[in-house]
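Architecture at a glance
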Amino acid sequence: MKVSAEILNLVPYKTGKPIAETKREYGLTEVYKLASNENPLGPSPQVITAIKNALDQQHLYPDPSCHDLIQKISEKWNVPTTQVGVGNGSNEIIDLLIRIFCEPGDAVLTSQAAFVAYQVCAQAARVKVRTVDLRPDLTMDLKGFADHFFRNPSAKIRLIFIPNPNNPTGTSVGGSELDDFLVRLGNRDDVLLVFDEAYTEYVRNPEFKAAAQFYQKYTNVLVLKTFSKVYGMAGLRLGVLLAPEYVLEFYNRVRNPFNVNDLAQIAAVAALDDDAYRAESQKITWEGLDYFYSELTRLNLPFYKSDGNFILFDTKRNAQTCFVNLLKKGIILRPVANYGFPNYLRMTVGKAFENKKAIEAIEKMLAEIPEIS
Ligand SMILES: Cc1ncc(COP(=O)(O)O)c(C=O)c1O
């Protein structure tokens, strides 16, 4: 059977190594996973109650219109219901947007070392990915994005993905650079600007501007949100698309009618009402990041300050070797060689005691693996 070159060459998205697998492979009983930017608090207690109360209706198909959920999002985020779409994680929305708005041979534009799902979804749809280099401080070069778009009219760039903040770098963009970008590309009818805001709730950069606050001013600005991070629902799979009505009209035509399962819909309604859980998620993340900043400084390991719930740091060693060494110590981090950082690891903020265990393991590892000279 013939398969396209794009599919043959597709490198699948590599997820964080599961805890159970690590325990099995290394014969460990205690393993901590700080590898997938999950929320270490566990689900909100209100979410757990809502799920338990809905277990006896799981023989029924979910509400295909996600009515109650969209209504709640509309109220809480102050957006019209007609501008809200939902997906099986924001990953599914990325996939569908590419399939809806790009034809094979068209292109999407994003940053070097941007969240890898854009590449995987585009390649699967036989769509090209063009990238703009990061700046030396690993921030995205939005001016470079706009320049690239105008310099390459024949590239057929249909979507521009702006992960803000980006994963795995943890950097965000904002200020006048974002304003200029919108002046140059906002309201065009030949390209959509997709702000992927999976981590916005964790941002402390004062220059940052959430696209949810300005997308309604533009006919071509889309926002992706997820319930996998600050809402602590990664396992339930729920992403949200905020977009102009015409985009949602296409989106709802293409999506599977039951793409968001019943428990995810019910859980998200409860999660949106639990302000205390969200505040606690932010608090432990910021405390954890500050702890990592001071400990990595003490260990003399360079890192980038993060606006996400994770940190990218330089091991000064081969990161794959470090990753395996840490696995043996029961700590799962994330190698990021696929993003062009062969010596770096990405570490998610966990609970305070998990962060401490990770740092202790890293300190031991540094003594066991010689630094690259
Ligand atoms: C930048 C970014 N966007 C989107 C996602 C996907 O989130 P979801 O779990 O909603 O598919 C992630 C997940 O890590 C991410 O880092």
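These figures come from a predicted structure and were not determined experimentally. Numbering of residues starts from 1 in every chain and runs along the sequence as written. In view of the model being predicted, local features appear only for residues whose pLDDT reaches at least 70, and side-chain atom pairs are presented and counted only at 80 or more, with totals across whole chains, interfaces and linings using the full set of residues.

1. Focus: the overall build of the protein chain
We apply this condition: Put simply, DSSP H or I for four residues or longer makes a helix, DSSP E for two residues or longer makes a strand, and each gets a number counted from the N terminus.
Within the protein chain, the secondary structure is distributed over 13 helices and 13 strands. The principal-axis extent of the C-alpha atoms belonging to the protein chain is close to 55 × 55 × 55 Å.

2. Here we look at the sheet that holds strand 7 (residues 221–226)
To keep things clear, this is the line we draw: A pair of strands counts as paired when DSSP detects no fewer than two bridges linking them. To get an axis, a line is fitted to the C-alpha atoms, and for a helix only the part in contact is used. The angle between two axes follows their N-to-C directions and goes from 0 to 180 degrees. Throughout, a residue-residue contact means that the two C-beta atoms, derived from backbone geometry, are no farther apart than 7 Å.
The seven strands lie next to each other as 2-8-7-6-5-3-4, forming an open sheet whose pairing is mixed. The open sheet has two free edges, formed respectively by strand 2 (84–87) and strand 4 (128–132), since each of these has just one partner strand. On average, each strand axis in the sheet is inclined to that of its neighbour by 25°, with strand direction left out of account. Alignment of strand 7 against strand 8 (residues 239–242), held across four bridges, turns out to be antiparallel. Note that in strand 8 the partner of V223 across the bridge is L242. Sitting on the sheet, helix 5 (residues 89–101) touches strand 2, strand 3 (107–111), strand 5 (157–163), strand 6 (192–196), strand 7 and strand 8, and the angle it makes with strand 8 is about 45°.

3. Thoughts on the site of the ligand
This is how the line gets drawn: Residues are counted as near a molecule or strand when the C-beta atom, derived from backbone positions, lies within 6 Å of that molecule or strand. Here the nonpolar group is Ala, Val, Leu, Ile, Met, Phe, Trp, Tyr, Cys and Pro; Asp, Glu, Lys and Arg are the charged ones; every other residue, Gly included, is treated as polar.
Inspection of the region around the ligand gives 13 residues, with G89, N91, N167, T226 and S228 positioned closest. Of all the elements, helix 5 adds the most residues to the shell around the ligand, at three residues. Here the shell around the ligand is built from residues that sort into four nonpolar, eight polar and one charged.

4. Describing the pairing of strand 4
Counted only if it meets this: Whether a crossover is right-handed depends on one test, that the path from the first strand over the helix to the second runs clockwise when the strands point away from the viewer.
Pairing of strand 3 with strand 4, which is carried by five bridges, proceeds in the parallel orientation. Looking at strand 4, one finds that A107 is bridged to K128. Note that the unit made of strand 3, helix 6 (residues 117–124) and strand 4 has a crossover that is right-handed.

5. Overview of the nonpolar core
Here is the rule we go by: Nonpolar core, as used here: buried Ala, Val, Leu, Ile, Met, Phe, Trp, Tyr and Cys residues forming one set through C-beta atoms within 7 Å. With C-beta atoms placed from the backbone, a residue is buried if 20 or more other C-beta atoms are within 10 Å of its own, exposed if 12 or fewer are, and partly exposed between those counts. These domain boundaries are the output of an automatic or database domain assignment.
Within the largest apolar cluster, 103 residues are counted, with the highest numbers of intra-cluster contacts made by V108, V194, L222, M233, A267 and A268. Take this core: its biggest share by element is nine residues, from helix 10 (residues 262–273). Each of domain 1 (5–43 + 276–368) and domain 2 (56–274) contributes no fewer than three residues to this core. If near-sequence neighbours (up to four positions away) are discounted, A267 is found in contact with V47, A50, I51, M233 and L236.

6. Observations regarding the environment of P45
As for its placement among the helices and strands, P45 is situated in helix 3 (residues 45–54). Owing to 13 C-beta atoms within 10 Å, P45 belongs among the partly exposed residues under this scheme. A C-alpha to C-alpha distance of 28 Å links P45 and T22, two positions 23 residues apart in sequence.

7. Considering the domain arrangement of the protein chain
Segmentation of the protein chain into domains returns domain 1 (5–43 + 276–368) and domain 2 (56–274). Centre-to-centre, using C-alpha coordinates, domain 1 lies 25 Å away from domain 2. Every contact between the two is made by 31 residues of domain 1 and, on the other side, 30 residues of domain 2. Per-element accounting of the side of domain 1 that touches domain 2 gives the leading share, seven residues, to helix 11 (residues 275–298). A breakdown of the residues in the side of domain 1 that touches domain 2 according to their chemical character gives 15 nonpolar, 11 polar and five charged.

8. Observations regarding helix 12 (residues 319–328)
As a reminder of what qualifies: What the arc describes is the spread of directions from the helix axis to the C-beta atoms.
Here helix 12 has its buried residues at A319, C322, F323 and L326. Viewed along the axis of helix 12, the buried residues span an arc of 105°, placing them on a single side of the element. On its buried face, helix 12 sits against strand 11 (331–332), strand 12 (334–336), strand 13 (341–348) and helix 13 (352–368). G330 occupies a position one or two residues after helix 12 and carries a positive phi of about 85°.

9. As for the packing of helix 7 (residues 142–151) against helix 8 (residues 175–185)
Basically, it comes down to this: If an angle is under 35 degrees, it is roughly parallel; if it is over 145, roughly antiparallel; if it lies from 65 to 115, roughly perpendicular; otherwise it is oblique. Left-handed describes a crossing whose near helix is turned anticlockwise from the far helix through less than a right angle; right-handed describes the clockwise counterpart.
Packing of helix 7 against helix 8 brings their axes to within 9 Å, and their N-to-C directions diverge by 15°. With respect to helix 8, the axis of helix 7 lies roughly parallel. Relative to helix 8, helix 7 is oriented so that their crossing is left-handed. Every residue of helix 8 that contacts helix 7 at L142, K143, F145, A146 and F149 is listed here: E177, L178, D180, F181, R184 and L185. Of the residues assigned to the contact of helix 7 with helix 8, the class counts are seven nonpolar, no polar and four charged.

10. Some points on the packing of helix 5 against helix 6
The geometry of helix 5 relative to helix 6 is characterised by a closest axis approach of 9 Å and an angle of 40° between their N-to-C directions. Here helix 6 runs oblique to helix 5, going by the angle between their axes. Once helix 5 is placed against helix 6, the crossing between them reads as right-handed. Within the contact between the two elements, helix 5 uses N91, I94, D95 and I98 and helix 6 uses A117, Y118, C121 and A122.

11. Structural notes on unusual backbone geometry
The phi angle of most residues is negative, glycine excepted, and most peptide bonds adopt the trans form. Cis geometry is found at the peptide bond from N164 to P165, where omega equals 0°. With respect to the helices, strands and loops of the structure, P165 is situated in the loop between strand 5 and helix 8. Along the chain, N167 connects to P168 via a cis peptide bond; the corresponding omega equals 20°. By the element assignment, P168 lies in the loop between strand 5 and helix 8. Here the phi dihedral of R237 falls at roughly 65°; this positive angle occurs in a residue that is not glycine. Counting through the fold element by element, R237 comes out in the loop between strand 7 and strand 8. For R237, a count of 20 C-beta atoms within 10 Å translates into the label buried.

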